[in-house]
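Structural description and commentary
For reference, the chains in residue letters:
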Amino acid sequence: MAVFVPTDENDLSKVDASPTKAFFVDIITKDIQVDEAILDLVDNCIDGAKRLRPGDNPSFSGLCVEVDANRDRFCISDNCGGISLEIARKYAFKFGRAANFVPTDRSVGQFGVGMKRALFKMAKEFSVRSVERDHSFEITVDVERWAADDINWDFDITNLVDGPHSEEETGTTLLIEALDPEVAEKLAEPTFGPALGRDMRVRHQDAMARGLSIRLNGATLLPTSLRLKLGEVVWPMRKEFIDPVDGSSLTTRIFAGVAESDRSKAGWYVFCNGRCILEADQSETTGWNSVIEGGGVRTPKYHNQFARFRGFAFLDSIDSSILPWNTTKTGLDPETAAYRLLIRRLIGATRPAIDFLNALDGEIDLADAEKVLTDGLNRAPLVALTAIPLRDALFFKPPPKKGPPMSWIRYRWLTKEANVLKAELGATTYPELGEKTFKFTYDNVIEDL
Amino acid sequence: MVGTAGQIDYRLRPHKHAERTMLVDAFRRLRFAPIESYRYVGFGALAFVDFKMVHRALAIQDMVSIEDTRDPLEQRRFRRNKPIGNIDLRFGNSAAVLPSIDFRRHSIVWLDYDNALSRSMTNDLETIAVDAASGTFVAVTVTAAAPRNGPQGAKDRLARYAEEFPDHVGGMKPIDIENGLQHAKFIRRTLDDLLKKAVQDADAGKSDALDRRDVYQVCFFRYKDGAAMMTVAWVIVARRDATIFADCQFNALHFYRPNDESFDIRMPLVTPYEIRELERRLPDVAGPSTLLWIPQAERAAFEEMHRYMPSFGNVEAI
């Protein structure tokens, strides 16, 4: 196998040009940043997803990549098919692409140098565990010990067990418990995680839009493909809750708002640890019926104004047993404590949205010029969930039909005194000072509040 | 809420006045935090009577009044009528405003509706319940008249209830709500059950049993100024605070009602002269032969209600 045959000391016709491993490791890890290394590893997971679900327009629904990165430990795991024994033995850990390697269709990472240089960059010791259809096995490498031997370049495969394994069981876990000290320092920086999350959302947006969920340090990354109308007349809800459930911590992020009118997309979307458990739900499960009350709307008759409603709930927990999903992880289990908590929150989130949609519906018979909500909503941009600010409840406000008449007021005053007042009123510019002094005077003289 | 404010002058509703005064007596008993640190959340309407009372009687500073109007002119009228600067006016449906209020701090919430029980009211109640701090006092007022037009009206009303509260209507028949008391009992039972369920659901995942909350009903009023009304009030208490709740001694209030037996507010029909005569003989006004000229029923009502009687005069109370 990969053994560099040493130069025969007695052969005076040869010079030794074989690399030392230390030099090699140094070269391949020199120009890579930790965040790039991690992104490369996620690329490898996505390649796994592509091998598992080939085709022009694959759905990655149900596939998940989990990244945990902190001072003590780095772990990336996926349920994307695992690395096959054959690929592991011949290609995956080879430095450079073997000539006869057949790459994954549309692959992003490809087994070139990405995974190895990421591992060497970050780890003093790492292990890779793969469960694929036919086998499961582990590769554990103590980097220093491996580098000390310049002759043998092989990694050892351990715990090799024959399959078969079902698709649900397959996946790859890469674990580093002995981090390079500099890398550990980097991972511990408070800004590192959020920045990495932003990078992942951008780099992996296509895979995420196809349903791949990526979780970073226990929280599901919000896909940029999910969007709500924001501004003009309506401001969606975004609220985060952290609840103790059965002794573990449950993080819930809820978004409720409106988007384009589409019956098939309207309703609640519930994600548990990144997996979409419920899609466009308008049933009792999400409390829909207890919100749409009276007037016979409990009957199957559909009300068009609700086709704009979109709600997203992301539930994450390190302890997946507290999540409100059923045993097959395909639906919500109403008996769970987390569900009983969630349902109240969903109802609370839906009600202001329904209030808005009813008001919007009320504009149907108005003249076009008076449809301020409809107009405003049409103008409002669709904004990715990540860019939506926190707000306790959906808020809406018809904009003034036409701005009231405005007047200019200009005056000069002593700079010294103006600066004193500017500081006192917390104004940053003279125009702002002008507005503040007017408002102050108006409120005190006219007493309209 | 502008609508009802225009219908009846609040100052001419003696039973409503008594109810407010009794509720303030109940609020006063809260021992979970200094009462002046509580927040009061209500529907102030144009008169803000309850707000003035809680501010004056309990020194509560933090007050939120919810008004369901989006009309700028109406909003202006509310702002102009706001009697105390501390009142934070929030315009919008209670469904939209309540989720934006943080009920994890001690609050007294009075959802003083003036229409019949509906799902949106119980949804409001449930919204408060999810996060309500231990020691939260919550009251709900709704109209509770027996449905008009006899059996036919009761049938229609029951059909609506069945749609909105299928679990609570069960095997009920129209006759079960034809009578005002029966109707009120159904409403109390429904509110009580949904509130308790909301609290239990919210607490289902709490592993420390002492963090779980119980709901204690403390008031169940029925009264009638024009339309028949009813109010149910509860205190939400974490188990670790059970002894604090006991210390509040709500049961010492003569109008304390923990179950479906209502306290019916009825003002004595007595003249100002009779009031003075009765007051001078307190506490014993039911027995003395010197008062026999005042009908027994009025004396009994006086004994119960004299502290809560409004004083009317031609002087504008500010």
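Residues numbered from 1 in each chain as written. Chains lettered and ligands numbered in written order. Predicted model: local features only at pLDDT ≥ 70, side-chain atom pairs only at ≥ 80, totals over all residues. Heavy atoms only, no water.

**Focus on the pattern of salt bridges**
This is how it is decided: Every case where a carboxyl oxygen of Asp or Glu lies within 4 Å of a side-chain nitrogen of Lys or Arg is listed as a salt bridge. Only protein chains enter the accessibility calculation, which uses a 1.4 Å probe. A residue is then buried if its area is under 20% of the maximum for its type, exposed if over 50%, and partly exposed in between. Counting from the N terminus, the helices are DSSP H or I runs at least four residues long and the strands are E runs at least two residues long.
This model, assessed by the stated rule, comprises 50 salt bridges over all chains. Residue Glu138(A) is joined to Arg129(A) by a salt bridge in which the shortest nitrogen-to-oxygen separation is 3.6 Å. Look at Arg129(A) and you get partly exposed, because its relative accessible area is 33%. One salt bridge in this structure joins Arg344(A) and Asp201(B), with 2.6 Å as the shortest N-O distance. Of the two residues, Arg344(A) is situated in helix 10 (residues 337-361) and Asp201(B) in helix 9 (residues 180-203); the pairing between them involves two chains. The burial state of Arg344(A) is the same as that of Asp201(B); both residues are buried. Look at the salt bridges and you will find they share partners, linking Arg340(A), Arg344(A), Glu126(B), Lys197(B) and Asp201(B) into a network.

**Let's talk about helix 12 (residues 296-305) of chain B**
Residues and elements named next belong to chain B. Stated formally: Throughout, the arc means the angular range of directions from the helix axis out to the C-beta atoms. We call two residues contacting when some pair of their heavy atoms lies within 4.5 Å.
Those residues of helix 12 lying buried are Glu298, Arg299, Ala301, Phe302 and Met305. Within helix 12, the buried residues cover an arc of 165° as seen down the axis, which keeps them to one side. Tucked into the core, helix 12 has its buried residues touching helix 2 (14-27), strand 8 (263-264) and helix 11 (272-280).

**Observations concerning helix 9 of chain B**
To keep it simple, the criterion reads: Here the expected span of a helix is defined as 1.5 Å times the quantity of residues minus one. Definition of a polar contact: a pair of N or O atoms within 3.5 Å, with one able to donate and the other able to accept a hydrogen when the atoms are protein atoms, and with sequence-neighbouring residues admitted only if both atoms are side-chain atoms.
Helix length check: helix 9 of chain B, at 24 residues, gives a terminal C-alpha distance of 35 Å against a target of 34 Å (1.5 Å per residue), a fit within 8%. Capping of helix 9 of chain B at its N-terminal end is provided by Asn179(B); its side-chain oxygen lies 2.8 Å from the backbone amide nitrogen of Leu181(B).

**Description of the interface of chain A and chain B**
For clarity, the cut-off: Throughout, the accessible surface (probe 1.4 Å) given up by two parts as they are put together, summed over both, is called the buried area.
In this complex, chain A contributes 30 residues to the contact, which on the side of chain B involves 30 residues. Around 2600 Å² of area is buried between chain A and chain B when both sides are counted, 48% of it from carbon and sulfur atoms. Viewed at the interface, chain B and chain A are joined by 5 salt bridges. Our enumeration of links across chain A and chain B arrives at 8 residue pairs in polar contact (both at pLDDT 80 or more). Those elements that place two or more of their residues in the side of chain A that touches chain B are strand 11 (237-245), helix 9 (288-291) and helix 10 of chain A. In terms of residue count, the dominant contributor to the side of chain A that touches chain B is helix 10 of chain A (11 residues).

**Digging into the packing of helix 2 (residues 34-52) of chain A against helix 4 (residues 114-122) of chain A**
Residue and element names in this part refer to chain A. Keep this limit in mind: Geometry is summarised by axes, namely lines fitted to C-alpha atoms with helices restricted to the contacting stretch, and by angles between N-to-C directions that run from 0 to 180 degrees. The labels follow the angle: roughly parallel below 35 degrees, roughly antiparallel above 145, roughly perpendicular from 65 to 115, and oblique for the rest. By the definition used in this description, the sense in which the near helix is turned from the far one sets the handedness, with an anticlockwise turn below a right angle giving left-handed and a clockwise turn giving right-handed. Following the grouping adopted for this structure description, the nonpolar residues are Ala, Val, Leu, Ile, Met, Phe, Trp, Tyr, Cys and Pro, the charged ones are Asp, Glu, Lys and Arg, and the polar ones are all others, Gly among them.
In contact at an axis separation of 9 Å, helix 2 and helix 4 are set at 140° when each is read in the N-to-C sense. Of the possible angle classes, the one that applies to helix 2 and helix 4 is oblique. When the axes of helix 2 and helix 4 are compared, the crossing they make is left-handed. Residues Val34, Ala37, Ile38, Asp40, Leu41 and Asn44 of helix 2 pack against Gly114, Met115, Arg117, Ala118, Lys121 and Met122 of helix 4. Residue composition of the contact of helix 2 with helix 4, by class: 7 nonpolar, 2 polar and 3 charged.

**Examining the confidence of the model for chain A**
Close reading of the predicted structure is inappropriate where its pLDDT is low. Residue and element names in this part refer to chain A. Here is the rule we go by: Confidence scores per residue from the predictor, reported as pLDDT, run from 0 to 100.
For chain A, per-residue confidence averages 85 on the pLDDT scale, and 89% of positions sit at 70 or higher. By mean pLDDT, helix 9 is the weakest element of chain A at 77, and strand 12 (residues 248-258) is the strongest at 95. The low-confidence segment residues 294-301 (pLDDT under 50) makes 11 contacts with residues lying over four places distant or belonging to another chain.

**So, the environment of Pro283(B)**
All names here are of chain B. By the element assignment, Pro283 lies in the loop between helix 11 and helix 12. By relative accessible area, which is 66% here, Pro283 ends up exposed. Each C-alpha atom of the pair Pro283 and Arg39 lies 35 Å from the other, and the pair is 244 residues apart in sequence.

**As for the sheet that holds strand 14 (residues 275-281) of chain A**
Residues and elements named next belong to chain A. The line we're drawing: A pair of strands is considered paired only if DSSP assigns at least 2 bridges between the two.
As summarised here, the arrangement of the 5 strands in space is 11-12-15-13-14, forming an open sheet in which the pairing is mixed. At either end of the open sheet lies a strand with only one pairing partner, and these are strand 11 and strand 14. Between one strand axis and the next, the sheet turns by 15° as a mean value, whatever way the strands run. Of the strand pairs in this sheet, strand 11 and strand 12 are connected by 9 bridges, and their pairing is antiparallel. Within the sheet, the bridge partner assigned to Met237 lies in strand 12 and is Ala256.

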